[in-house]
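Examining the three-dimensional arrangement
Each chain, written out:
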Amino acid sequence: MSRTGSPGPWFAAPVAIFMLLCFAGPILIVTWFSLMPSRTFELTAAFTLENYVAAISDGYARPMMWSLLGAAITTIVTALLAWPSAIILHRYAGRWATLVSALIALPIFISESVRLFGMSVFMMPRGGILAGSLNAAFGIEIGSILNTWNAALVGMIYIHLPFMLFPLLLGVSLIPADRIEAARDLGANRWQVMREVELPLAAPGLMIGALLTFVLCLGANAEAAILGGRAVTVITAAIEQRFNYAQDWPMGAALTVGVIAITAAIVLPVLSRLDLNRLTKR
Amino acid sequence: MRQGRHLSALRTLWIVAILAFLYIPIVSVVLASLANTRYMRFPHRVWTLEAYGDALSSFTTWQLHSISLSIALSVVVLSTILGTLGAVAFARYDWRGRTWFQRFMVLPIFFPQPVLGLALLLTFTAIGIQPSWKTAALAHLVWILPIVTLVISVRFFGYDVAQEEAAYDLGATHVQVVREVTLPQIWPGIFSGILFGFLLSWSNLPLSVFTSGPDTPLPVWLFSRTATNYSPLVPSVAVIGTVVSALIVVGAGLLLWAGRRLR
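Residues numbered from 1 in each chain as written. Chains lettered and ligands numbered in written order. Predicted model: local features only at pLDDT ≥ 70, side-chain atom pairs only at ≥ 80, totals over all residues. Heavy atoms only, no water.

**Looking at the confidence of the model for chain B**
We count it as follows: For every residue, the predictor assigns a confidence score, pLDDT, that lies between 0 and 100.
Taken over all residues, the pLDDT of chain B has a mean of 90, while the share at 70 or more is 98%. This prediction of the complex comes with two scores: 0.90 for pTM and 0.89 for ipTM.

**Examining the nonpolar core**
In plain terms, the rule: Nonpolar core, defined: a set of buried Ala, Val, Leu, Ile, Met, Phe, Trp, Tyr and Cys residues in which side-chain atoms within 4.5 Å join the residues together. With a 1.4 Å probe rolled over the protein chains alone, any residue whose accessible area is under 20% of its type maximum counts as buried; one over 50% counts as exposed, and the rest are partly exposed. For this analysis, residues touch if any pair of their heavy atoms sits within 4.5 Å.
F23 and L227 of chain A together with F101, F110, V142 and F156 of chain B are the most contacted members of the largest nonpolar core, which has 171 residues in total. Not counting residues up to four positions away in its chain, the partners in contact with V142 of chain B are F18, M19, C22 and F23 of chain A together with P108, L116 and L120 of chain B.

**Considerations on the pattern of salt bridges**
Residues and elements named next belong to chain B. Here is the rule: Note on definitions: salt bridges are taken to be side-chain nitrogens of Lys or Arg within 4 Å of carboxyl oxygens of Asp or Glu. Strands are runs of DSSP state E lasting at least 2 residues, helices are runs of H or I lasting at least 4, and numbering of each runs from the N terminus.
Overall, the coordinates contain 6 salt bridges over all chains when judged by the stated rule. E164 serves as the salt-bridge partner of R92, at 2.7 Å between the closest nitrogen and oxygen. Placement of R92 in helix α3 (residues 59–92) and of E164 in helix α7 (residues 162–169) is noted, with a sequence separation of 72 residues between them. Both residues of the pair, R92 and E164, belong to the buried class. Between D94 and R98 there is a salt bridge, with its nearest N and O atoms 3.9 Å apart. Among the residues examined, D94 registers a relative accessible area of 26% and is labelled partly exposed. Overall, R98 belongs to the buried group, its relative accessible area being 13%.

**Description of the side chain of R115 of chain A**
All names here are of chain A. Rules: All tallies of charge rest on Lys and Arg as positive and Asp and Glu as negative; His and the ends of each chain are not included. Side-chain atoms alone can form a polar contact between residues adjacent in sequence; in general such a contact is a pair of N or O atoms within 3.5 Å, and within protein one must be able to donate a hydrogen while the other accepts it.
Residue position: R115 is located in helix α5 (residues 112–123). For R115, which is buried and forms no salt bridge, the nearest opposite charge comes from E112, at a distance of 5.6 Å. Among the polar contacts made by the side chain of R115, one reaches the main-chain carbonyl oxygen of I110 at a distance of 3.0 Å.

**Things to note about the interface of chain A and chain B**
Counted only if it meets this: Once two parts are joined, some of their accessible surface, as seen by a 1.4 Å probe, is lost; buried area is that loss totalled over both. Just so you know the grouping, Ala, Val, Leu, Ile, Met, Phe, Trp, Tyr, Cys and Pro go in nonpolar, Asp, Glu, Lys and Arg go in charged, and all remaining residues, Gly too, go in polar.
Across the contact, 95 residues belong to chain A and 78 residues belong to chain B. A buried area of about 7900 Å², summed over both sides, lies between chain A and chain B, and 82% of it is on carbon and sulfur atoms. Summed over the shared surface of chain A and chain B, the result is 0 salt bridges. Looking at the side of chain A that touches chain B, the element that brings in the most residues is helix α1 (residues 8–34) of chain A, giving 17 residues. By residue class, the composition of the side of chain A that touches chain B is 66 nonpolar, 22 polar and 7 charged.

**Section: the packing of aromatic side chains**
Cut-off, in case you're wondering: Any Phe, Tyr or Trp ring, taking Trp's six-membered ring, that has another such ring centre within 6.5 Å forms a pair; planes under 30 degrees apart are called stacked, those over 60 apart edge-to-face, and the others tilted. Two limits define a charge over a ring: the Lys NZ or Arg CZ must be within 6 Å of the ring centre, and within 35 degrees of the ring normal.
Summed over all chains, the structure comprises 13 aromatic pairs over all chains. Here F42 of chain B and W47 of chain B contribute two aromatic rings whose centre-to-centre distance is 5.9 Å and whose plane-to-plane angle is 75°, an arrangement assigned as edge-to-face. Assessed through its relative accessible area of 46%, W47 of chain B is described here as partly exposed. Members of the aromatic cluster, connected to one another through ring pairs, are F33, F41 and W249 of chain A. Cation over ring: R115 of chain A sits above Y158 of chain A, and NZ or CZ is 5.7 Å from the ring centre.

Listed below in structure tokens is the structure:
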């Protein structure tokens, strides 16, 4: 097919322009603001790096660490929960597979605030769904992890599990069944089959799932607000605090640029390796 | 075979546990909505639908829904038009720079949403645009448009270009080819795009929370009331909002089905 006379660029133009204005544009403006002197609201001053220096000396490394830690833990736990689920659904579930997959996808379309609210009434001490039921049925009194960092982690794992499971299901479905048979016939045990055959073949799905989960968790703040009771300050909460209450836009912008830089450092290398045509063309 | 049965039971148990983990909070919302007490005290002494009556007669409920609906409908219209054009460039034609376009398009999906929301908020305020439901719709679009484009693109990859050429050979005009050949073929993709756009916008919290200004969409209201001012109204509005979105989706599906039968 001729590539030069193609109408492709014309069709791409409206979307590309929108994305430049509303995605690249804001990133540029935030970056610009981050280089302005503290507490200014204009973009006209001379560039300075003081906000970045202050961000580190003012202790903003800590919220960043909480967010990174939360994202890492959530990614690992969701992967460990999703891997066996994907294998079971792909290989053994048979006619149930479609129904179960649909049930796993469904919560994505129910608002995060509804589901996190549900998690909080479930976890609530004394009159909560779990504590209340246990008390009424067995007379057992239990404590609650609500308003702790652990509760926020459970919430993040809960919200992001479907984002890990779905790409992984896609990845696992790329494993040809005869390849596993062949490995078994050649004497591979269960562990070897997983390490040598399944994991490498499902790698694109696993990578997308991990990338998606990690990046979404990096900015997540609703979990820490609703379930964590703000026991720890995550980076998004710190940025919001700078923007709204402290009215210090340049500092908030510098923190935002920090998150964007970390995201880019993780996403761009992986994305440049993935062949999008191969993944969507199935 | 004894061991095989154990394993199979274990597998079923695992899947049931995962589903339970995903659905217990959703069931909890429904259970919490069936009370009439100011504080949550489960199991309820009185099981009642009172909170639903209160929610339906409250002006706030209607206002929240109409704001969410305005945002979601704008997002659906714009993302479907732009997304279809984008999908044509993404998957239908091979052109120089396509790989870059594809990578640029998926980038916003792999971007922390609250951070995007904050960046947009700063930009809107800096250039003097008052945040409202319109800016929230714009913010949603940045994240939803790439997803809709991808959803429609998947359909285009399985599309046979030869059909268009055949239609041209038979003397069809450009408009006729688009209307009679291209659109019917990719229509399922567009329909999924519409559903994705609607549901993702309707349920979005992280973008709305920073960009909707004084207009409060449903998820933002729920978020703020969960944190500070709990009453049985909160879970009942949560259930109503979710059911409304499900009804709209089912309604759209029925409309599509009826349209097919009429033709």
